[in-house]
Amino acid sequence: MILIIGGAYQGKLDYAKAQYQLSPSDILDCAQLPPDATPTLNQRCIYHYEAYLELCMKQGVEPRTTFEADQIVIIEDVSCGVVPMDAHLRAWREVCGKIASALARQADSVVRIFCGLPLALKTASKDSTI
C-alpha cells in the first residue's frame, strides 16, 4: 500500500494521478460519499480517507484499515492548526492521527506532499512490485 499524506490543498491527488497514472475511475473520493454510505474501498486510490473515518465515526462502525499492496490511500493531515472546541471534531482528529500512524507502519511507501513537493518518508523495498 502507498500512503500519501499532507495538508489541505497541497497537491496530494495531483501527485498521485501523475505518479501512478490514475484515471477518474481509479479514484474514490470519500468526501463525496453520502452520509448513509457503506463504501467498500475497493478502488485503486482512496482519496480523503479522513472523510471516510468521520463517516465511520458518525455511523458507529469500525473503519477499514487494511489495504491491498497496489492501493493508494490519501489522507489529509488534520493535526495542524487550532484544536477544535467541538468534542466530536477533537475525537475525529485523534482517530485520524492514530490511524494514519498505523497505516504508515503498514505501508510499503509513505510520501508527504508539502507545497506540491513530494518528500519520501518511507520507500518500498527493492522486492516490492509497487
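Scroll up to find the structure this text is about.
Computed from a predicted model, the values in this text were never measured in an experiment. (Residues numbered from 1 in each chain as written. Predicted model: local features only at pLDDT ≥ 70, side-chain atom pairs only at ≥ 80, totals over all residues. Heavy atoms only, no water.)

Some words on the side chain of Gln 10
Part 1 of the argument: With respect to the helices, strands and loops of the structure, Gln 10 is situated in the loop between strand E1 (2-6) and helix H1 (12-20).
Part 2 of the argument: Of the polar contacts made by the side chain of Gln 10, one reaches the backbone nitrogen of Cys 115; its length is 2.5 Å.
Part 3 of the argument: If we ignore the near neighbours within four places in the chain, the residues touching Gln 10 are Ile 113, Phe 114, Cys 115 and Gly 116. (Helix = DSSP H or I, 4+ residues; strand = E, 2+ residues; numbered from the N terminus. Polar contact = N/O pair within 3.5 Å; in protein donor to acceptor, adjacent residues only side chain to side chain. Contact = heavy atoms within 4.5 Å.)

So, the side chain of Lys 12
Part 1 of the argument: With respect to the secondary-structure elements, Lys 12 resides in helix H1.
Part 2 of the argument: Buried within the structure, Lys 12 lacks any salt-bridge partner; its nearest side chain of opposite charge belongs to Glu 76, at an N-O separation of 4.6 Å.
Part 3 of the argument: The residues touching Lys 12, leaving out its near neighbours within four places in the chain, are Ile 4, Ile 5, Gly 6, Gly 7, Ile 74, Ile 75, Glu 76 and Ile 113. (Buried < 20%, exposed > 50% of the residue type's maximum accessible area, 1.4 Å probe, protein only. Lys, Arg positive; Asp, Glu negative; His and termini not counted. Salt bridge = Lys/Arg side-chain N within 4 Å of Asp/Glu carboxyl O.)

A look at the nonpolar core
Part 1 of the argument: Membership of the largest hydrophobic core comes to 23 residues, with the highest contact counts inside it found for Leu 3, Leu 41, Tyr 49, Leu 53, Phe 67 and Leu 103.
Part 2 of the argument: Of all elements in the fold, only E1, helix H2 (49-59), strand E4 (72-76) and helix H3 (87-106) reach the threshold of two or more residues within this core.
Part 3 of the argument: Every residue in contact with Leu 103, bar those within four places of it in the chain, is listed here: Met 1, Leu 3, Tyr 49, Thr 65, Phe 67 and Val 73.
Part 4 of the argument: The next biggest cluster of nonpolar side chains, apart from the first, holds 14 residues, and it includes Ile 4, Leu 13, Val 111 and Ile 113. (Core = buried A, V, L, I, M, F, W, Y, C linked by side-chain atoms within 4.5 Å.)

Some words on the sheet that holds strand E6 (residues 117-122)
Part 1 of the argument: With mixed pairing, the six strands of this open sheet are ordered in space as E2-E3-E4-E1-E5-E6. Among the strands making up the open sheet, the edge pair consists of strand E2 (27-29) and E6. On average, each strand axis in the sheet is inclined to that of its neighbour by 20 degrees, with strand direction left out of account.
Part 2 of the argument: Examined bridge by bridge, E2 and strand E3 (residues 45-47) share three bridges and lie parallel to one another. Each residue of the ladder has a partner; that of Leu 28, found in E3, is Ile 46.
Part 3 of the argument: Seen against the sheet, H1 touches E1, E2, E3, E4, strand E5 (109-114) and E6 and runs at an angle of roughly 150 degrees to E1.
Part 4 of the argument: Along the sheet, H2 contacts E3 and E4; its crossing angle with E4, the most-contacted strand, is approximately 75 degrees. (Pairing = 2+ DSSP bridges. Axes fitted to C-alpha atoms, helices over the stretch in contact; angles between N-to-C directions.)

Overview of the environment of Met 57
Part 1 of the argument: In this fold, Met 57 is placed in helix H2.
Part 2 of the argument: The class of Met 57 is partly exposed, set by a relative accessible area of 29%.
Part 3 of the argument: Between the C-alpha atom of Met 57 and that of Gln 32, which follows or precedes it by 25 residues, the distance is 16 Å.

Digging into the packing of aromatic side chains
Part 1 of the argument: One pass over the structure, following the stated rule, counts three aromatic pairs.
Part 2 of the argument: Plain terms: the ring middles of Tyr 15 and Tyr 20 are 6.4 Å apart, the flat faces sit at 85 degrees to each other, and that makes the pair edge-to-face.
Part 3 of the argument: Owing to a relative accessible area of 16%, Tyr 15 belongs among the buried residues under this scheme.
Part 4 of the argument: Exposure remark for Tyr 20: the relative accessible area of 13% places this residue in the buried category. (Phe/Tyr/Trp six-rings, centres within 6.5 Å; stacked < 30°, edge-to-face > 60°.)

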